[in-house]
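Single-letter residue listing:
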Amino acid sequence: MTDQKKLCAEIFRLAGRVRAEVIMESSESALTRFADNVISQNVAETSTRVSIRFTDKGRVFRTSLNQTGGAALADAVRRGLAALKLQKKEKGLLSPPAPRPVGPAAARLYAPGTASLEPSFRAEKAADLARLCRARGMKCYGTVENGASRLTVANNSGVFASHRETWALYSVTARKGEGYGWAEQYSPDASKIDYAGVNARAMEKAAASVRPVPVPPGKYTVILEPAAVGDMLLFLGYSGLGGRAWLDGRSFASGALGKRLLHPSITVTDDALAGPAAGAPFDLEGMPRKRVVLIDKGVARAVVHDRRTAAEAGVPSTGHSLPQPNSCGPMPLNLEMAPGDSSLEEMIRSTRRGILVTTFHYTNLLRPKTVEMTGMTRNGTFLVENGRVTKALRNLRFTQSVVEAFGNVEALSRERELMNGWGRMCVPAMKIRDFNFSSATGF
Amino acid sequence: MFGFCEEAMDVLSSRRADFGDIRIVRNRTQALGVRNGGTGNVDDSETLGFGVRVLLGGAWGFASSGLLTRAEVRRVSLLAVKIARASATLMERRVKLAPEPAWRDLWQTPFIKDPFTVPVEKKFRTLFEADRLMRRDRRIKSAAASMRFVREHQWHATTEGSRIEQVLLSSGADCRATAVDGAQVQERGYPCSHGGQTLAMGYELIDQLDLPGHAEKTAAEAVALLKAPDCPSGEMDLITYGNQLALQIHESVGHASELDRVLGYEESYAGSSFATTEKLGKFRYGSPIVNLVADATLPGGLATAGYDDDGVKAQRWHIVKDGILSGYMTNREFAPRIGLGRSQGSCRADGFANIPITRICNLSLMPGSAGSMDDLVRSTKRGIIMENNKSWSIDQRRLNFQFGCEIGWLVENGKVKKMVRNPTYQGITPRFWGSCDAICGPGEWRLWGVANCGKGQPGQTAMMCHASSPARFRGVKVGVKAG
Ligand SMILES: [Zn+2]
């Protein structure tokens, strides 16, 4: 941290009277990838990235670099300041903000041992799994990852916010002939990962889906495991719960705050400060992130804002800025869906005929207003009949509005899973009726 | 820079590596954007760093760093060696690379106007002008225009003696209008979607694209789409071209022909491929008029370079010849598995921090004999023209795909009848390419860039081009409904 403070001070000295903001990210990460029961790729990366925003009298320019040594830094600042002078003046352009108190980060986001795991640790995890798979006539694919990162946001008006965390991810795809299974666990602490549990879940699914049979596309009751629910929540958040899309009228919640748009069992919160999806307690302008209840018992309550969209909407910022300026606006990056009172087993038991989905693959947005999406099922798709999983199924393509699907919820699980990808998300499993599968595939 | 390279070569040789290389990369990227009369985003970035790859005892190790000092090159080289030793604890066969001569060469992207010497304020003037011209109708809620320039200077040294210096340049731009009216949201982009048209050219590309000259038409079409009828549902002929046909090639042929995927090495993430190796030379991928050629020498192509990141010299080869699966995208590791004596040279890394992986090369649909776009429409009884990709999705074996486009036009009895909105189509790869019955001639053949192809773990981005002339596909399922 002292190095980061020193570097910021040097940048502010070079910037002189111009307002300057620094976003600094440094990380050490490693990833061991396995395929076909062997280690196929094995990498490590040390990285630092510094991005400086200059503003002066309605003008803005950003310059980024990864060399923090004297000459490179001075050159980048000089070039940035020269370009700044020639920028068009904008009315209402926001300068980097004055400091606001940022609370402490949630506990346990940094686990010292996780930052420094050896290549042999990762190789052993992969070898343990490969041994199990060979014994069962299976192939395994996946990753063992770990790393540590620090994010600092500072400006020469007094903002200085810094956050560090570690991460570990264990992801397994098991294959037996035409049968696939998948399981994954993410944690800030590698020692909290249940490696054996992930192995067992993936292999069990692969064994159960060896001979998939086709079903015709159409509307089915679906039981979505958390990874599949997360995929849908991601698009709901990205296309509909940010202030920019909402102001433009592109969001499903535009003009509809206070209205019940989803099923009463759905409550979605963005919370970087506490809870399972917590992260950096400040945004990329160094402003404190607030906990925001976005959907409360199915009612659209709020969207997230940065200072720019908040000013347009006439509300306070919620502290969700991406690096400014930007075109896409603020985004919810710490989403949490409230749990229900069911379980995966109960959902299966209560289903006369339905489809159990492990994950979706290659999802994409078709229409923003209804969050209509398409994508494939993957890694274990099963038919549920009369309260039991009876057969493995060939994969199906869905074309379905998330707003409609999240209105047709029949149950949510108590247990939730944490995912780390485009932001962080914690979601339960979900049972939904009338879910639309639009076409099929041959495997 | 080759001085730093020698430091890594020393470490790797002294540890008796089977193979090793170092890539030093200096990257300059300028991304500029405006939105609704204000600065959308602006970033002028320069990075420098290196990655060391080592094959030791038949197993891979790789490490990278952004700190370029002799001591750090040593540390990172030794870390790569340590990682390779860990990899060797879980292997079944030693990795052996296809042979390649040692090259000493300098190669650079040809261009006319260096985009980094064009002043930023001039670029912004063009963007603000396009943005202003798009916002004449109050239903345009969002207007945006952007440019992006990337110059990558690479120094690549291998333990086999290659010393390759390359300077790769690309430029890109687009403008985009979003119209909103109640529940309808419609977008239109020029000249295409996904960050715009990007090619391995200089600023001359931006001059040619003339964003301000196309802004008003772009916005007018976004507004017109609000009131256009929905794309009909059913089976009919599809005519597509430009960036949509480029993405069709990319998703259903490009990724499907990456040999690492085909052999199962991407199963944990991107998936595998239906185009398995026993099908090579036999499988009917498309109708006999379908020829798809991979070409790392294609002028303007984003995957065009003197050498790939395995140090293999640029080549041109068929992936699909007269409708038959005829080749794969390969690297030096996997090429021998299908009996190739040499890699096709399609292995690339994203920046300095990533390992080279098998990548889609420039992959183009060769022109046919159906004349011009007008000729193609005239010979179509009932069909839909679809332009500019909006949404894309394809299954984990690259068979079942579904695309959504920005705009469609209904064709009846050889004439364009009316605009339709939210056009989508869905198909199964070999059946779809098998239904291709007409491809326009060389006069309509254009290059389209894909600048954001994601692959690998950790995720990497690569760029490539797909050239094509407009083509027609018979009896395609269009207008997929959500229920
Ligand atoms: Zn791609």
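Just so you know, the residues in each chain are numbered from 1, in the order the chain's sequence is written. As they are written, the chains are lettered A onward and the ligands numbered 1 onward, keeping that order. The model is predicted, so local features are restricted to residues of pLDDT at least 70 and side-chain atom pairs to those at 80 or more, both for listing and for counting; the totals for chains, interfaces and linings are taken over all residues. For side-chain calculations, the full set of non-hydrogen atoms in the structure is used, while hydrogens and water are omitted.

### Comments concerning helix α5 (residues 195-208) of chain A
Residues and elements named next belong to chain A.
- Only DSSP runs of H or I covering at least 4 residues are called helices, and only runs of E covering at least 2 are called strands; the numbering of each starts at the N terminus. What a helix should span is 1.5 Å times the count of its residues minus one. In this model α5 runs 20 Å from its N-terminal to its C-terminal C-alpha over 14 residues, within 8% of the 20 Å that 1.5 Å per residue would give.
- Of all the residues in α5, the buried ones are Y195, V198, N199, A202, M203, K205 and A206. Viewed end-on, α5 has its buried residues packed into an arc of 160°, placing them on one side of the element. Away from its buried face by more than 90 degrees, α5 exposes A196 and E204. The cut-offs for exposure are 20% and 50% of the maximum accessible area for each residue type, with area from a 1.4 Å probe on protein chains only; residues under the lower value are buried, those over the upper are exposed, and the others partly exposed. Arc definition: directions from the helix axis to the C-beta atoms.

### Some thoughts on the domain arrangement of chain B
All names here are of chain B.
- Here the limits of each domain have been adopted from an automatic or database domain assignment. For chain B, the assigned domains read domain 1 (2-227) and domain 2 (234-478).
- At the interface, 52 residues of domain 1 touch 49 residues of domain 2.
- Between domain 1 and domain 2, a total of about 4,000 Å² is buried, with carbon and sulfur atoms accounting for 52% of that surface.
- The working definition used for a salt bridge is a side-chain nitrogen of Lys or Arg within 4 Å of a carboxyl oxygen of Asp or Glu. Inspection of the region where domain 1 meets domain 2 yields seven salt bridges. Any pair of residues with heavy atoms lying within 4.5 Å of one another is described as a contacting pair. Summed over both partners, the accessible area lost on bringing two parts together, with a 1.4 Å probe, is the buried area.

### Let's talk about the interface of chain A and chain B
- Counting residues at the interface gives 77 residues for chain A, matched by 82 residues for chain B.
- When the buried surface of chain A facing chain B is broken down by residue, R33(A), Y362(A) and F443(A) rank first, second and third, together holding 9% of it.
- Summed over the shared surface of chain A and chain B, the number is eight salt bridges.
- As a salt-bridge pair, R79(A) and E46(B) come within 3.6 Å of each other at their nearest N and O atoms.
- Pairs of N or O atoms are called polar contacts if they sit within 3.5 Å, as long as, within protein, a hydrogen donor faces a hydrogen acceptor (for residues adjacent in sequence, only side-chain-to-side-chain pairs). Remark: the boundary between chain A and chain B carries 49 residue pairs in polar contact (both at pLDDT 80 or more).
- For the side of chain A that touches chain B, the leading source of residues is strand β2 (residues 38-56) of chain A, giving eleven residues.
- Amino acids outside the nonpolar list (Ala, Val, Leu, Ile, Met, Phe, Trp, Tyr, Cys, Pro) and the charged list (Asp, Glu, Lys, Arg) are all regarded as polar, and Gly is one of them. Class assignment for the residues of the side of chain A that touches chain B results in 25 nonpolar, 30 polar and 22 charged.

### Considerations on the sheet that holds strand β12 (residues 324-325) of chain B
Residues and elements named next belong to chain B.
- Overall, antiparallel pairing links the four strands, which are arranged β12-β11-β10-β15 in an open sheet. Both edges of this open sheet fall to β12 and β15 (363-365), since each of them pairs with a single strand only.
- Alignment of strand β10 (residues 292-295) against β15, held across three bridges, turns out to be antiparallel. Residue pairing for β15: V293 is matched across the bridge by S364.
- Along the sheet, helix α6 (residues 242-254) makes contact with β10, β11 (316-321) and β15, crossing β15 at roughly 115°. Only strands that DSSP links by at least two bridges are regarded as paired with each other. Where helices are involved, their axes are fitted lines through C-alpha atoms of the stretch in contact, as for all axes, and angles between N-to-C directions lie from 0 to 180°.

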